[in-house]
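Chain by chain, the residues run as shown.
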Amino acid sequence: MSGLPKDSVLFLSVINMKLRDCYSSLDALCDDLEEDKADVISRLSAIGYNYDEGLNQFV
């Protein structure tokens, strides 16, 4: 994944910050950053976080 942290916890922090501050949805974030949505979900699921569409955050 380009430009995003390799460390999973830092990755979570950056993704949630971007979702909170810049993007209305995970789809918008992935489209803009050219990231694969399934990869983002899989990577964060591996450390126990799932995307909550209502909150627009990984919890």
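Refer to the structure presented above.
Source: prediction; values computed, not measured.

Chemist: How do you make sense of the overall build of the protein when you look at a structure like this?
Modeler: Scanning the protein from N- to C-terminus turns up 3 helices and 2 strands. Reading the protein from its N end, one meets helices and strands in the order α-α-α-β-β. On C-alpha atoms alone, the protein measures out to a radius of gyration of 10 Å, which is about the 10 Å that the 2.2 N^0.38 rule sets for 59 residues. With the C-alpha coordinates of the protein rotated into their principal frame, the extents come out at 25 × 20 × 20 Å. Counting over 59 residues, the protein shows a buried share of 29%. For the protein, the share of sequence-separated contacts (at least 6 apart) that also reach a separation of at least 24 residues comes to 51%. Of the roughly 3,700 Å² that the protein leaves accessible, carbon and sulfur atoms contribute 49%. Charged side chains in the protein number 5 positive and 11 negative. The centres of these two groups are separated by 6 Å.

Chemist: Looking at this structure, I do not really get helix α1 (residues 8–21). What am I missing?
Modeler: Every α-helix winds through 3.6 residues per turn, so residues three or four apart in the chain are directed the same way. Across its 14 residues, α1 extends 20 Å between first and last C-alpha, which sits within 8% of the 20 Å expected from 1.5 Å per residue. Taken residue by residue, α1 has F11, L12, I15, N16 and L19 as its buried positions. When α1 is viewed along its axis, its buried side chains cluster within an angular range of 125 degrees and face the same direction. Facing away from the buried side of α1, by more than 90 degrees, are the exposed residues V9, L10 and R20. Of the surrounding secondary structure, the elements contacted by the buried residues of α1 are α2 (26–33), α3 (37–45), β1 (51–52) and β2 (57–58). Sitting at the amino-terminal end of α1 is D7, which places a side-chain oxygen 3.1 Å from the backbone nitrogen of V9.

Chemist: Would you mind showing me how to read the environment of E34 here?
Modeler: Mapped onto the secondary structure, E34 falls in the loop between α2 and α3. Through-space distance from the C-alpha of E34 to that of L4 is 11 Å; in sequence the pair is 30 residues apart.

Chemist: What exactly am I supposed to notice about the packing of α2 against α3 here?
Modeler: Angle between the axes and distance between the axes are the two parameters that describe a pair of packed helices. Interaxial distance between α2 and α3 falls to 9 Å at its minimum, and their mutual angle equals 115 degrees. On the side of α2, the interface is formed by L26, D27 and C30, while α3 contributes K37, V40 and I41. Class assignment for the residues of the contact of α2 with α3 results in 4 nonpolar, no polar and 2 charged.

Analysis parameters
Counting starts from 1 at the beginning of each chain's written sequence and moves along it residue by residue. Local features in a predicted model are, by the rule used here, given only for residues with pLDDT of at least 70; side-chain atom pairs are given and counted only at 80 or more, and totals for whole chains, interfaces and linings are based on all residues. Side-chain figures throughout are based on the complete set of non-hydrogen atoms in the structure, without hydrogens or water. What counts as a helix is a DSSP run of H or I of at least four residues, what counts as a strand is a run of E of at least two, and both are numbered from the N terminus. Only the C-alpha atoms count toward the radius of gyration. The rule for a globule is 2.2 Å times the residue count to the power 0.38. Think of it in three bands: with a 1.4 Å probe and only protein chains considered, a residue is buried below 20% of the maximum accessible area for its type, exposed above 50%, and partly exposed in between. Residue contacts follow a heavy-atom distance rule, with two residues in contact if any of their heavy atoms lie within 4.5 Å. With residues, only the protein chains shown are counted as cover, and all accessible areas are computed by Shrake-Rupley using a 1.4 Å probe. A positive count includes Lys and Arg, and a negative count includes Asp and Glu. His and the chain ends are not counted in either. A single reference atom marks each charge: NZ on Lys, CZ on Arg, CG on Asp, CD on Glu. In this scheme, a helix's expected span is set at 1.5 Å multiplied by one less than its residue total. As used here, the arc belongs to the directions running from the helix axis to the C-beta atoms. Polar contacts, as used here, are pairs of N or O atoms within 3.5 Å; protein pairs need one atom able to donate a hydrogen and one able to accept it. Residues neighboring in sequence count only if both atoms are side-chain atoms. Lines fitted to C-alpha atoms define the axes here, with helix axes fitted over just the stretch in contact, and angles between the N-to-C directions of these axes take values from 0 to 180 degrees. Residue polarity follows a fixed list, in which Ala, Val, Leu, Ile, Met, Phe, Trp, Tyr, Cys and Pro are nonpolar, Asp, Glu, Lys and Arg are charged, and the others, Gly among them, are polar.

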